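# Residue-level structural notes
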Amino acid sequence: VQEIFMTPQNKQMNKTNEGFLGFLLRGRKLLLLTLFGLAVIVLVGLNAVKKQLETNLSSELQTILQSNQDTLRIWNQEKSSQVKNWANNPNVKANILSLSRRTLQEEKLSGTLLKSNELEELRKILGPVCNRHNYVEFVVFNASGLQIGALLDKPVGQRELIEYSNFIRRSLKGETLVVFL
């Protein structure tokens, strides 16, 4: 039916339209293939950038972690050295030994220890050290883990810290410790 109304000029135009439509369709396919190819390239590129960023970030975080660990190790060595120096002070040692001997001789300790000249002397020596270095407290233990001296009154005569942490057992073996409670 359509060909009946088609004149040679219309037929020529129809062929031109088919050619143009074919070109557009082929062009769309080419455009879609090009866009798809670009999308794949972009995704591969983004993935490579992401992996490189993750690798760089991981490396930088490891470096920061190592630096922080080294800093804390140095800080702890410095604090431990300060504590050792004060623990080896002849007056401090003498007072600690005297308090320790006192705990072997007496039954009721807390009141006796709190009123002792040795604890008063320890507090005079070590109290300012705690303030200067922002330490909360010092605590002195005898060989059984009894708290025989401290900056504060409450811990004296108690055994609660030995149950709280293993640092007391370690310190009784001669290890100098800086502890955060």
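Our subject in this report is the structure included herewith. What you see is a predicted model; the values in this text were computed from it and never measured.

### Things to note about the overall build of the protein
Of regular secondary structure, the protein possesses six helices and two strands. Walking the protein from its N terminus toward its C terminus, one meets helices and strands in the order α-α-α-α-β-β-α-α. Residue burial in the protein is summarised as follows: out of 181 residues, 21% are buried. For the protein, the proportion of contacts with a sequence separation of at least 24, taken over those separated by at least 6, is 41%. As presented, the protein carries roughly 13,900 Å² of accessible surface, and 59% of it is formed by carbon and sulfur atoms.

### A short note on the pattern of salt bridges
Following the criterion strictly, the structure yields four salt bridges and no others. Residue R73 pairs with D70 through a salt bridge whose shortest N-O separation is 2.6 Å. Pair noted here: R73 and D70 are both in helix α1 (residues 8-87), with a separation of three residues, about one helical turn. Judged by its relative accessible area of 30%, D70 is partly exposed.

### Quick word on the nonpolar core
Residues L122, L126, F138 and I148 are the most contacted members of the largest nonpolar core, which totals 14 residues. Elements supplying a minimum of two residues to this core: α2 (90-105), α4 (117-132) and β2 (147-150). Residue contributions to this core peak at five residues, all from α4. Residues within four places of I148 in sequence aside, it is in contact with I96, L99, S100, T103, L113, V140, F141, N142 and V156. By size, the runner-up hydrophobic cluster in this structure holds five residues, among which are F141, L161, I162 and F167.

### Things to note about the pairing of β2
Across three bridges, strand β1 (residues 139-141) lies against β2 in antiparallel orientation. Each residue of the ladder has a partner; that of F141, found in β2, is Q147. Here β1 folds back onto β2, and the loop between the two strands holds five residues, one of which, G145, carries a positive phi near 95°.

Rules used throughout
- Residues numbered from 1 in each chain as written.
- Predicted model: local features only at pLDDT ≥ 70, side-chain atom pairs only at ≥ 80, totals over all residues.
- Heavy atoms only, no water.
- Helix = DSSP H or I, 4+ residues; strand = E, 2+ residues; numbered from the N terminus.
- Buried < 20%, exposed > 50% of the residue type's maximum accessible area, 1.4 Å probe, protein only.
- Contact = heavy atoms within 4.5 Å.
- Areas by Shrake-Rupley, 256 points an atom, 1.4 Å probe, with all protein chains shown as cover.
- Salt bridge = Lys/Arg side-chain N within 4 Å of Asp/Glu carboxyl O.
- Core = buried A, V, L, I, M, F, W, Y, C linked by side-chain atoms within 4.5 Å.
- Pairing = 2+ DSSP bridges.

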